[in-house]
Amino acid sequence: MNAIVALCHFCELHGPRTLFCTEVLHSPLPQGAGNGDSPGQSEQAEDEEGGIQMSSRIRSHSPAEGASADSSSPGPKKSDMCEGCRSLAAGHPGYVSHDTETSIKYVSHQHPNHPQLFSIVRQACVRSLSCEVCPGREGPIFFGDEQHGFVFSHTFFIKDSLARGFQRWYSIITIMMDRIYLINSWPFLLVKIRGIIDELQGKALKVFEAEQYGCPQRAQRMNTAFTPFLHQRNGNAARSLTSLTSDDNLWACLHTSFAWLLKACGSRLTEKLLEGAPTEDTLVQMEKLADLKEESEGWDGSEGEEEKPSAQPDVVEGRELTKCPTDTSLMSDCSSWNVASRRLSIFRSLRHMRQVLGASAFRMLAWHVLMGNQVIWKARDADLVQSAFDILRSMLPVGCVRIIPYSDRYEEAYRCNFLGLSPHVHIPPHILSSEFAVIVEVRTATRCSLYPVLFDDEQPLSKYEFVVTSGSPVAADRVGPTILNKIEAALTNQNLSVDVVDQCLVCLKEEWMNKVKVLFKFTKVDSRPKEDTQKLLSILGAAEEDNVKLLKFWMTGLSKTYKSHLMSTVRSPTSSESRN
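Residues numbered from 1 in each chain as written. Predicted model: local features only at pLDDT ≥ 70, side-chain atom pairs only at ≥ 80, totals over all residues. Heavy atoms only, no water.

## Regarding the overall build of the protein
Scanning the protein from terminus to terminus reveals 20 helices and 14 strands. Residues classed as buried in the protein amount to 46% of the 580 residues present. Considering only contacts in the protein between residues 6 or more positions apart, those separated by 24 or more positions represent 70%. Accessible surface, the protein: about 30,300 Å² in total, of which carbon and sulfur atoms supply 54%. (Helix = DSSP H or I, 4+ residues; strand = E, 2+ residues; numbered from the N terminus. Buried < 20%, exposed > 50% of the residue type's maximum accessible area, 1.4 Å probe, protein only. Contact = heavy atoms within 4.5 Å. Areas by Shrake-Rupley, 256 points an atom, 1.4 Å probe, with all protein chains shown as cover.)

See below:
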């Protein structure tokens, strides 16, 4: 958790002071927190508990403790500090805990060495012990702003037989820049900080009772009631917290408690992605699953009293459906993911397919896929064809994908834009010469060297050569759709892993689907003229011919839910009144 926990004290001589603070460091320690360690003084004490390794380190300069009189240091000068204002003695090494699980360091000293952090902690300290207090001056309170951070403060009293009113005023503050996170951590911080306070108050109470028993102060003060107060308090006006609690290891214990508090508070809350409205792909998948459910219920009802098939025939029937073009066109989109998960993927990613086919052939294939033209694969291996379709379909919205994985006859483009055929299937001549189709022929290679084996597990691909042809080959100097250029840029960037490329593809599809939604509402719902449509396309950055074709094709992938929602909004009385 990126926060600072500090113990503050209201000194009767110097006002609010920061006694002890613990901060989180995710990178090398700041100046004075370990960079100037000498070999003999680098580690004085080590202790490991719960994945946190604690060590005491000498710091090269510690202005907050009065070890340096440098005027540029953020800490107060030594002359402005008394025993009640000082926690660690001059030259004390301070404390550093190393979290071995996350490589995070927890550093404790009297003041942050960074001037900006010192200013933030100082202001929070002053406010927690002056104006920002709860009724009764003891308890938790929340305050802060975006500029100086947000603060959880818990004020409390410590018994002191020599103090005015027999008690001194302290506070424990937690400072963060994340307001929501700090508010959500309120119950946790309240319980844990209250436990630290109870332990301090318990130790101080024992010392107070022992001092009162040995030398009662109340009667002594009654006898000196007319002595001027300032003269009276000059003798023992300030006492350190270690003296009040009679605990020489107090600061080491507070460091351990504060470090654990920061680690535990950061580990108890995790961030989750809230997606909000479902994407178009999600809506289309839900609609197809609903249609399949209705069809299956209709089949069950039509069977009547017929005996229901067992589990084993269901599996066989599922395999037979992949051979039937009619049934497969309905089932493939929703079942192909389960099928693909059971089958060893031959093509592992778009980048892998680009390496296999070659840059120019892949660009031609990807162009036809994005434009909505029919993609035909002819091969003996049906698994190879299905693996290729599983990779290529990732470039399109779910609603634009219509697959017939493997067929013994040619199917028209209106039925599918991905078609797998066996090698002996005759393709009509007009399709071979059409500019709206691309054909990938998977032939048996005459020599294994035709396809270089990039990895050991690619031996199946080394048996084939791939020939990509089309009636309208994509010219090398053609700009092409913007999304295709961005996809190729991501695939050629070797610094991006396959997972990162997949996420880039998801973002690109969402970006262009949003443009599709705007264009659909502009043209189909609002019925704007062509001149306004051209202006809109220019604003969307899609005025080029290929981009316009892509948007029109992707418009067919919009979900029925989205289209009906727009239509109902236009037809509703409230929308018409708002226009008027």
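## Quick notes on the pairing of strand β8 (residues 149-159)
In terms of burial, β8 is largely enclosed, as 10 of its 11 residues are buried. One ladder, built from 7 bridges, connects strand β7 (residues 139-145) with β8; its direction is antiparallel. Bridging across to β8, I141 finds its partner in S153. Connecting the antiparallel pair β7 and β8 is a turn made up of 3 residues. In the sheet, β8 pairs with strand β9 (residues 167-176) via 10 bridges, with the strands oriented antiparallel. When the bridges of β9 are listed, I158 appears paired with R168. (Pairing = 2+ DSSP bridges.)

## Considering unusual backbone geometry
We note that S103 has phi near 60°; this positive angle belongs to a residue other than glycine. Along the chain, S103 falls in the loop between β5 (95-99) and β6 (104-109). The backbone phi angle of S246 is positive, close to 55°, even though this residue is not glycine. Within the secondary structure, S246 sits in the loop between α6 (241-245) and α7 (250-268).

## What to know about the sheet that holds strand β14 (residues 464-470)
Sheet architecture is open: 5 strands sit in the order β11-β12-β10-β13-β14, paired in mixed fashion. Only two strands of the sheet have a single neighbouring strand rather than two, namely β11 (403-407) and β14. Sheet twist, expressed as the mean angle between neighbouring strand axes with direction ignored, is 15°. Across 5 bridges, the pairing between strand β10 (residues 374-378) and strand β13 (residues 437-444) is parallel. Bridged to W377 within β13 is V440. (Axes fitted to C-alpha atoms, helices over the stretch in contact; angles between N-to-C directions.)

## Remarks on the environment of L461
Tracing the backbone shows L461 in the loop between β13 and β14. On the basis of relative accessible area, L461 is assigned to the buried category, the value being 2%. Between the alpha carbons of L461 and I346 there is a distance of 7.7 Å; along the sequence they are 115 residues apart.

## Comments concerning empty space enclosed by the protein
Inspection of the entire model under this criterion finds 4 cavities of 30 Å³ or more. Empty space within the largest cavity amounts to approximately 50 Å³. As for the largest cavity, its lining consists of S349, L350, R351, L491, V498, V501, D502 and L505. For the lining of the largest cavity, the elements supplying multiple residues, two or more each, are α11 (350-357) and α16 (498-525). (1 Å grid on protein atoms, 1.4 Å probe; cavity = no way out; pocket = protein on both sides within 12 Å on 5 of 7 lines; lining within 4 Å. Points joined across faces, edges and corners; volume = space filled by probe spheres on them.)

## Describing the pattern of salt bridges
Here the structure, examined in full by the defined rule, presents 17 salt bridges. Two residues, D281 and K509, come together in a salt bridge whose shortest N-O distance is 4.0 Å. In this pair, D281 is assigned in helix α8 (residues 280-303) and K509 in helix α16, connecting sequence segments 228 residues apart. Of the two residues examined, D281 and K509, each falls in the buried class. Residue R363 pairs with E488 through a salt bridge whose shortest N-O separation is 2.6 Å. Here E488 lies in helix α15 (residues 482-492) and R363 lies in helix α12 (residues 359-371), a separation of 125 residues in the sequence. Across this residue pair, the class does not change: R363 and E488 are buried. Residues participating in the shared-partner salt-bridge network are D160, R168, E211 and R239. (Salt bridge = Lys/Arg side-chain N within 4 Å of Asp/Glu carboxyl O.)

## Here we look at the nonpolar core
With 66 residues, the main nonpolar core has F347, W377, F466 and W554 as its most contacted residues. The greatest single-element share of this core, amounting to 10 residues, is contributed by α16. Each of two domains, domain 2 (350-445 + 460-478) and domain 3 (498-570), supplies a minimum of three residues to this core. F188, L241, L254 and A259 belong to the second-largest nonpolar core, a separate cluster that totals 39 residues. (Core = buried A, V, L, I, M, F, W, Y, C linked by side-chain atoms within 4.5 Å. Domains from an automatic or database assignment.)

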